[in-house]
Structures are given as C-alpha cells and as structure tokens.
Amino acid sequence: MLRFKLHILLFFALFSPLFLSAGNLPKKVSETGVSFELAKLRKAELKDLHYLLEFKIPSNKDSVITGEENIFFYRQGASDVLIDFKANASQVKGVLVNGKKIAYRFDNEHIVLPSASLKKGINRIHISFIAGNQSLNRNKDYLYTLLVPERARTVFPCFDQPDLKARFTLKLEMPAQWHSVSNTYAANEKTIGGRKIVLYEETKLLPTYLFSFVAGKFEKRSYTREGRCVNAYYRETDSAKVAQLDTIFSEVFLSIRWLEKYTDIPYPFPKYDLIILPGFQFGGMEHAGAILYNDKRILLNEHSTPDEELGRMELIAHETAHMWFGDMVTMKWFNDVWTKEVFANYLAAKIVEQQFPDINHKLNFLKAYQIYALAEDRTDGTHAIQQQLDNLQDAGLLYGNIIYDKAPVMMRKLEQQMGPEAFRSGLQKYLKKYAFSNATWDDLIGILDKENPLVNLKQFSEVWVKQKGLPEITATTDSNSLIISQHDPIGRNLYWKQKFSVGLVYDKSIKVVEVNLQSHSVRIPLNTVPDYIIPNYDGMGYGRFIVDSASTLYQLHNWMFLKEDVTRQSVLMNIYENFLRHQISAESCSSSLLQGLTSEKNALVASSNCSYLSSVCMEMNGTPRLLVERQIWNISQNHPITSCRQQLLRSLINLATDSIVVDSLYRLWKDKNNHLLNEDDYTTFAYQLALRKPLQYKEILTTQRSRITDPDRQREFDYISRGCTPDEQEQKNLFFSLLNKENRIVEPWTQKLLTLLNHPLREPFSNAYLTPGLEILQEIQRTGDIFFPKGWVVSLLSGHRSIDARNQVVRFLENHPDYPLFLKNKILQAAFVLYNL
C-alpha cells in the first residue's frame, strides 16, 4: 500500500485558496447521505487516504470555526468523486484539485469533483470551509467532536464511511488558556498573542467516525504504570469525585492488561487519554487514544451502589475493548456496527470478573444484559441483531438494547457452543488478520467455523443474528419424560440453539436437569413426574419460559426460598415476564416481590427486585398502590442492604402518590440528613417534590439550587427545573420550545425536561404533546445524536398510561403507513406499556 510521508513543514505550506447534479453517477449513488452504493463505488476507486486538517477555534462559541484541509488519495477509477459535507453550500469557501481551481458542484450534501479534474494515481484536494456546528458540541468554554456514525461530514468535508480508513494530521488554533486533546500526542505547541497552536502527530489508520478532538478549559491529571502514561482531562470541581481518578486509572490499566493477554495483541494505539464531560450524550465514546466519558457514569456520587460501581468498571472495560474491536478492526459497513459493541460488552463482562472477584458474575450477566435484551425483544419494535442499512444517515437508529444487550447474550451462546478455547483462538486470528482494516460478521464466522467444525455456526448465526425475535420455550411433562419445546411466535419455524437447566420440584427437594436444546424440542427421560417445574434454573436460557399455572404459582410464592442467587434472579425474571403477559396480577406480583425483598441478602438480586417492584407499582392505582408505596417506604428505612435502601428511596420519589409518603420524602429532602443520598438524589427529589407540592415549588427549587456549587451542574439544574412549573401555559410553551433544535442542545438534559413535562401527574393535560412530539421525531433523528431519538420518544411516552395516549400512538402510525422502519421500531419499543394496557 502506498503511504504518503509528508514533512510537517509541507502541512503548513499547503494551507494557502464556483458552483455549477453529479453528472456521471446513478441517482442512488449521489442521493443525500452516504448510500451503500456510493460507499461501494468509492471503496473500489479510492485508497491510501490522508487528511491534513486545520481548525481555528474562536473564544466566542457563537463565532464560526473556520477550517482548511488537504485530502490525499490514490484514485484508480474514472467516476466523479463525491466528498461528503452535510452543511450549507455557502460553508464551502474554496476547492482546489491538484493545485488548480475547479468548477465543482454541491449536490445532496456532497462536494462533487468532476472526473475530468482528477487524475489516476495520487490526487490532492484542498478545501477551505466553515465547520458545521452539529457535532462540535460547543459550550461556553469547551467543545468536543462526536462523529459517530457519519457525523464527521457535519464538521468537515470527508469520505464518511468506515471502510475508507485514513491517516489524520491535525492542527488546532484556540484560546491560549485552553487545553486540547486528540487521537495522538502533540508534536508541536506554541502560543502567539493570546492564541495557542497545536500540531498533532499523524494517526494510525482510522475511520472518520473515530477522528476526534476536544478543546477547552480542563484540569489534567496523569498516571504512569509499567511504562504507560494515561492522562485524564476533567472539569469536575468536587475534590471527592476527583479523588476517584485513582480508581479509574487502575481500572483502565486492568482492562488494558487483560485485553492484551486475551487477544495476544499489544495495546494498538500510541496513547490512552480519557476526557470526562458534563452532559455527554453517551456513557462513553471510544475515540482511539482519546476516550470520552459521561461525568455521572465515571465520577460517582458518594455512597455509590454496587450497581453503579460495576457499571463504571463495565463502561471503562467496554470502551477499552473497543481499541481492539472497532478501532483496530472496524466493520466494513454500519449494518455490522453491532460487532464492535458485542465484543466490547461481552469482553467487558469477563474483565469485570477480575476487578470484582466476590461478585456472582453469572448473576450480574443476567442483570446487566439479559434483562435489557428482553425489554426490547419482547416488544413489537424488536429487530434482528444484524439489520439492513441502505444509507449511513440512518445508521444511528441501529443502536439500542438488541445490539448492546441481546448480542452479548448471543455471544455467550456462541462461546458455549464452541468451547472457550476455540472461541478465543478464533478471535485472535480474526484480529490479526484484519488489524487496521475492515471485516464483516461473516468474515468472523468463517474463521470461527474452522476452530470447531463440529458446530454449524452458520445456522446458529442465521437465527440468532440475522432474524428478529425470541423463542417461547415450554416445559411440560408426561408420564415418563420432561419435554422442552420451543416455538417461533412470528411463525417462521425457527429454533434457537441453546443450553440451560430446568429445576424439577419433588416435595421439598429440587432436581436440576441439563437441557441441550438443539432443535425444536427435546425429550428427557424421568423416573418420576415432578410436582412443579422451574424453567431456566441456571439463567443460561433466553426467551419467554412458559410452564403450567401451578408451576407459575409455585415460583411466585417460593422464589425467595431458593438457595442459588442466580436461580432467584432467573425466577424473578420469569415472574415479571408472566406479569407482563397478564398471567399474574399486579397485586399478587407486588406482594411476592415485597415478601422476597425483606429477606433478600444478595445486593444484585435485591436491586432487580426493587426495579421490578417499581415497574409493577407504576401499573397500580387506588388503595392497593398506596399500600405498596407505604410498604416500600418502611422497607427503605430498615433493609439490611444499604444499596437496597438507596434504590428504594430513589424509586419512591418517582412513584409516590400517597400524601403520607410524599410528606416523609419532603422531610427527608428538607433536612438533608440522609447519608445514603447524594447531590444528584436531592436534586431529583427537588424536581419531583416541586411537582407534588405546587404551592411550594419555588421554595423547593430555590433551596436546592443554593445547595449546588459546581457551575456545570448549576446550568443543568436551571435548564431542567423549568419543567417543574405548575403553570400549564408555561409547561406548554416549554414543550413547544423543544421542537426548535437550538433549545435541545444538551440531549440528556432535554430528555429530563421532557420527562417532567410528561410526568404521570400531568396526564391528561400532557396528552396534547404526544402527536407533535411524534411528528418531530424524524427531525430529532436528523439533528440529534444516535441515542436521542429513542431517548426522546421514551421521555415523551413513558409517563402516560391512558387509552387516549395509546390511541394517539396508534393513529400516528396508521396515518404514516410509510414511516421509516427504524424510527417506527423506536416508537413501538417505547410504547410497549401503552400497547400492553
């Protein structure tokens, strides 16, 4: 492969500067976005890419950021060349091709370079431009790029597809007091007249979505171990939170060491920096060498729960695993984006075992992944793990619980089918073969197939990966057999290969039977017919587990007495699924959960119980609900597990309708003397109490704001707390203001505000927001980041429980029969409770 080796002086020398649709290209190639056809064409005709980029960042965030770039590539085709730039035509200030001005066109978010202006071999394209703001995340004194999945084209002109990897050389000019971070180390830095200029070293081969820079006012801390230095950049002012950096650094080093050993490949990039950002849209983002983290996910509040500590470690391990899976080896097209996420999550689960050896990790896997997989897979909006993608402008809609949570469940099944050593050997060969290149899922399956030829991985992959939905698994007995059958509820006659165990209850003993379900059914001989059946006893199965009514009642009344933690967790999941299927009433389910919670000794099982109890209580009304709320309050005061008391209080403030409970929570908030609660908790209490005590809402909000000292958290509070106003006209104005994109810049804050406006206490008045909130969803997708469409629609719908709300969703979809499938799925996922009324 030809590689350009350019002297740094050439970089500076090159930055020195007409419009006339893409004449010789089919319509599908030149359409808006980045079509699959365009990506194929460019991959065939272009190679050896190198970007030289310069950005000038003003101190005023409302002033434009100007840019200059040189793009080098080797051309081996004859088509017009389309450079992606999702901006206004006026933002392109000049284009030179091989040093000459040309008559380019700007069509459908592309700068079109006529074939006649290009040559075979090496070409140099110089473009002067005004950077687009959509993915620059500009704040008063800092900014950061977030370019996944195809948002690089919103910032600078580029070939924005994952299989055109390139080397990047970046130059930044910014206010002198700012720090900056990018994928590589700074090669040169100088300050001239109040401005700082930083030139960064050339990157290794990266796709455009992993190119990154951050600039602004940050503090910096470094940590060196075993010859490797890791830097953290942060804005946090709470010294107790900053002190957690020692733990964070340790978890980073643990993750790197584990992955180097498991993959047999050294850390593949020159450096590892982490940047902790307030209001960051994701938990983390795996930019090679410069990983972004959400401040609340990484810097935990005091009295953090086991779930939160596990979650932080899982997040760090996840983003670190991406350095091998996603960054070093990248999917060819975003239909396989899940391949990088599945390995990041699945290997993170393995890494966490090293840091938390006392945790039951089979139990944690159920809690961390399987529960969330079921939450989406049970809805009408479910989809296959691998989805068809025609245009990268829709790639953000592929993300969700199916790729983050069901895919690791699938991967555990795959490793179970192959054996762990064959699985690991196959992954090592895959990484070494495709290092700093691109691969597909089928490429990996081809390698894994050779590691264990006795297993038909293609059939496994076809069902688990390429088809949507989950099986219904029935356990029955006849006179001498246990019969395990699986049914495809969508009617495709599929079967999901998997192994799990079943508990057979005989009087006071339980016999555990292993099930190897490799077809539609399996029959296991029995000497004696059991009294009851406990399906998925070890939690290794996936699907809806169906047993007779007597066995269902046995689980409901006896789950809390089962010895194994994993079994109690698995049975809890079965009970909740039966509640959702209306096989168990809310009153019976809540009674069982409350009974079990009082005696539960495992913090993770107790956490799941609390979550399920909260969900069930939300579906209750009248006196039964008030009684459950009071029992939750009582348990929150004396449960022996600290994290359980915390979680119950956090749930209760969102649930409380009983005046006695509300007053108790108010006193707790006002006195601020509960050592289990932190600043975020008290802030949430303030929002919820302001809704429940409208005559005191100003006093509550004023008091809470005076308790907040960090300026970034003050900005967050000022934005969100507006949703607590009892004035209905102000509420309405606030909602409609969110339909303008400039009012929803910080997306996590927007979601919290929207949730308050659609709080259950505000129904039916808030029903007026539903149709316009759905109508704007396509724009939300175009202008927001990848998780925002789902976050928006969940915030819009989750507080509603009325038939009118359900009917509005149904009518919206009926009135839009051609609504984009990916977005329709997001609506159906979020509307599950409404459809389940």
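A. Here's a closer look at the overall build of the chain. When helices and strands are tallied, the chain shows 31 helices and 28 strands. Taking 2.2 N^0.38 as the reference for a compact globule, 837 residues should give roughly 28 Å; the C-alpha atoms of the chain span a radius of gyration of 28 Å, in line with that estimate. Counting across all 837 residues of the chain, residues that qualify as buried make up 62%. Looking at the chain as shown, the accessible area adds up to about 31500 Å², and 50% of this sits on carbon and sulfur atoms. Within the chain, one finds 98 positive and 93 negative side-chain charges whose respective centroids are separated by 4 Å.

B. Structural context of the nonpolar core. With 268 residues, the main nonpolar core has Phe 55, Leu 113 and Phe 156 as its most contacted residues. In terms of residue count, the dominant contributor to this core is helix 8 (residues 337–355) (11 residues). Setting aside residues no more than four positions away along its own chain, Phe 156 makes contact with Tyr 51, Leu 53, Phe 55, Glu 69, Asp 84, Phe 85, Phe 129, Leu 147, Phe 168 and Phe 211.

C. Geometry of the side chain of Asp 273. Its location among the elements puts Asp 273 in strand 17 (residues 272–277). Here the side chain of Asp 273 touches Lys 271 through a polar contact of 2.8 Å, side chain to side chain. Setting aside anything within four residues of it in sequence, one finds Asp 273 in contact with Val 181, Val 230, Asn 231, Tyr 233, Gly 289, Ala 290 and Ile 291.

D. Examining the confidence of the model for the chain more closely. In the predicted model, the chain carries a mean pLDDT of 95, and the fraction of residues at 70 or more is 97%. The low-confidence segment residues 1–22 (pLDDT under 50) makes 58 contacts with residues lying over four places distant or belonging to another chain.

E. Fine view of unusual backbone geometry. That bond from Val 148 to Pro 149 is cis: its omega, -5°, falls within 30 degrees of zero. Position of Pro 149 among the secondary structure elements: in the loop between strand 9 (142–144) and strand 10 (166–175). Omega for the peptide link from Glu 763 to Pro 764 comes to 15°, which places this bond in the cis form. Topologically, Pro 764 is positioned in the loop between helix 25 (747–757) and helix 26 (770–775). Not every positive phi belongs to a glycine, and Phe 436 is a case in point at roughly 55°. Classification of Phe 436 as partly exposed rests on a relative accessible area of 23%.

F. Here's a closer look at empty space enclosed by the protein. Empty space within the largest cavity amounts to approximately 70 Å³. Around the largest cavity, the lining residues are Arg 235, Glu 236, Ile 276, Leu 277, Pro 278, Asp 295, Leu 299, Asp 710, Asp 712 and Arg 713. Among the secondary structure elements, those contributing two or more residues to the lining of the largest cavity are strand 17 and helix 23 (711–720). Classifying every residue of the lining of the largest cavity gives 4 nonpolar, no polar and 6 charged.

G. Local environment of the packing of helix 12 (residues 441–451) against helix 13 (residues 457–464). Look at helix 12 against helix 13: their axes get within 10 Å of each other, and the N-to-C directions meet at 145°. Relative to helix 13, helix 12 is oriented so that their crossing is right-handed. On helix 13, the residues that touch Trp 441, Ile 445, Leu 448 and Asp 449 of helix 12 are Leu 457, Lys 458 and Ser 461. Tallied by class, the residues present in the contact of helix 12 with helix 13 amount to 4 nonpolar, 1 polar and 2 charged.

H. A look at the layout of surface pockets. The volume enclosed by the second largest pocket comes to roughly 1200 Å³. Lining of the second largest pocket is provided by 41 residues; of these, Asn 133, Gln 134, Arg 138, Lys 741 and Ile 745 occupy positions nearest its centre. Taken together, the elements giving at least two residues each to the lining of the second largest pocket come down to strand 9, helix 23, helix 25 and helix 27 (777–783). Top element by residues in the lining of the second largest pocket is helix 23. It accounts for 4 residues. Of the residues contributing to the lining of the second largest pocket, the split by class is 12 nonpolar, 13 polar and 16 charged.

I. Quick look at the sheet that holds strand 7 (residues 110–113). The antiparallel open sheet is built from 3 strands, whose spatial order is 3-7-6. Strand pairing shows two members of the sheet lacking a second neighbour, strand 3 (81–84) and strand 6 (105–107), which therefore form its edges. Going across the sheet, the axis of each strand differs from the next one's by a mean of 30°, ignoring polarity. When strand 6 meets strand 7, the two strands line up antiparallel, connected through 3 bridges. Counted as the bridge partner of Phe 106 is Ile 111 from strand 7. Sitting on the sheet, helix 3 (residues 36–45) touches strand 3 and strand 7, and the angle it makes with strand 3 is about 120°.

J. Layout of the sheet that holds strand 11 (residues 179–182). Overall, antiparallel pairing links the 3 strands, which are arranged 9-14-11 in an open sheet. The sheet is open, and its two edges are formed by strand 9 and strand 11, each paired on a single side. Taken over all neighbouring pairs, the strand axes of this sheet differ in orientation by 5° on average, direction set aside. Note that strand 11 and strand 14 (residues 213–216) share 4 bridges and pair antiparallel. Each bridged residue has a counterpart across the sheet, and for Ser 182 the counterpart in strand 14 is Phe 213.

K. Quick peek at the side chain of Glu 629. Of note, Glu 629 is situated in helix 18 (residues 622–638). Given the relative accessible area of 0%, Glu 629 is considered buried. A distance of 2.7 Å separates the side chain of Glu 629 from the side chain of Thr 657, its partner in a polar contact. Among the polar contacts made by the side chain of Glu 629, one reaches the main-chain amide nitrogen of Asp 658 at a distance of 2.9 Å. Residues within four places of Glu 629 in sequence aside, it is in contact with Cys 617, Leu 652, Leu 655, Ala 656, Thr 657, Asp 658 and Val 661.

L. Geometry of the pairing of strand 17. Strand 17 sits mainly inside the fold: 6 of its 6 residues count as buried. Strand direction decides the pairing type here: strand 16 (residues 228–234) and strand 17, joined by 4 bridges, are parallel. Looking at the pairing, Ala 232 lines up with Leu 274 of strand 17.

M. Representation of the packing of aromatic side chains within the structure. In total, this model carries 47 aromatic pairs according to the counting rule given. Ring geometry for Tyr 666 and Trp 669: centres 5.9 Å apart, planes at 35°, overall tilted. With Tyr 666 and Trp 669 both in helix 20 (residues 659–671) and 3 residues apart, the pair spans about one turn of that helix. The class of Tyr 666 is buried, set by a relative accessible area of 11%.

N. Geometry of the environment of Leu 834. In this fold, Leu 834 is placed in helix 31 (residues 832–835). Separated by 32 residues in sequence, Leu 834 and Ser 802 place their C-alpha atoms 7.5 Å apart. Those residues in contact with Leu 834 that lie beyond four places of it in its chain are Leu 797, His 800, Arg 801, Ser 802, Ala 805, Arg 806 and Val 809.

O. Representation of helix 17 (residues 603–618) within the structure. With 16 residues, helix 17 extends 23 Å from end C-alpha to end C-alpha; this agrees with the ideal 22 Å at 1.5 Å per step. Burial of helix 17 is extensive: 12 of the 16 residues sit out of reach of the surface. Burial in helix 17 covers these residues: Leu 604, Val 605, Ala 606, Ser 607, Ser 608, Asn 609, Cys 610, Tyr 612, Leu 613, Ser 614, Val 616 and Cys 617. Looking at the buried side of helix 17, the elements it contacts are helix 7 (306–321), helix 9 (361–377), helix 15 (565–580), helix 16 (586–599), helix 18 and helix 19 (642–655). The opening residue of helix 17 is Asn 602, an N-cap whose side-chain oxygen sits 2.9 Å from the backbone nitrogen of Leu 604.

Cut-offs used in this document
All residue numbers refer to position in the chain's written sequence, counted from 1. Under the rules for a predicted model, residues below a pLDDT of 70 receive no local features and side-chain atom pairs below 80 are neither given nor counted, while totals for whole chains, interfaces and linings still include all residues. Hydrogens are left out, water is left out, and the side-chain values use all remaining heavy atoms of the structure. Helix numbering and strand numbering both begin at the N terminus, where a helix is a DSSP run of H or I of at least 4 residues and a strand a DSSP run of E of at least 2. The globule rule used here is 2.2 Å times the number of residues to the 0.38 power, and the radius of gyration it is set against is calculated over C-alpha atoms. Residue burial is assigned from relative accessible area. The probe radius is 1.4 Å, only protein chains are included, and a residue is buried under 20% of its type maximum, exposed over 50%, and partly exposed in between. Methods summary: accessible areas were calculated by the Shrake-Rupley approach with a probe of 1.4 Å, and residue burial reflects only the protein chains presented. Positive charge is attributed to Lys and Arg, negative charge to Asp and Glu, and no charge count is given to His or to the chain ends. Lys charges are placed at NZ, Arg charges at CZ, Asp charges at CG and Glu charges at CD. Definition of nonpolar core: a set of buried residues of the types Ala, Val, Leu, Ile, Met, Phe, Trp, Tyr and Cys, connected through side-chain atoms within 4.5 Å. What makes two residues a contact is simply this: any of their non-hydrogen atoms within 4.5 Å. Polar contact is the term for a pair of N or O atoms within 3.5 Å; when the atoms are in protein, one must be able to donate a hydrogen and the other to accept it, and sequence-neighboring residues count only if both atoms are side-chain atoms. Per residue, pLDDT measures the predictor's confidence, with a range of 0 to 100. The distinction between a cavity and a pocket rests on a 1 Å grid over the protein atoms alone: a 1.4 Å probe fits inside a cavity but cannot get out, while a pocket stays open yet meets protein on both sides within 12 Å along at least five of seven lines, and a residue with an atom within 4 Å of a point counts as lining. Grid points are joined across faces, edges and corners, and a volume is the space filled by probe spheres set on the points. In this count, Pro and Cys sit with the nonpolar residues alongside Ala, Val, Leu, Ile, Met, Phe, Trp and Tyr, while Asp, Glu, Lys and Arg are called charged and the others, Gly among them, polar. Convention adopted: a line fitted to C-alpha atoms gives each axis, helices being fitted over their contacting stretch, and angles between N-to-C directions are expressed from 0 to 180 degrees. When the near helix sits turned anticlockwise from the far one by under a right angle, the crossing is termed left-handed; a clockwise turn instead gives a right-handed crossing. DSSP bridges decide pairing: two strands pair if at least two such bridges lie between them. A pair of Phe, Tyr and Trp rings is counted when the ring centres sit within 6.5 Å of each other, with Trp represented by its six-membered ring. The angle between the planes then sorts it: under 30 degrees is stacked, over 60 is edge-to-face, the rest tilted. For a helix, the expected span equals 1.5 Å multiplied by the number of residues minus one.

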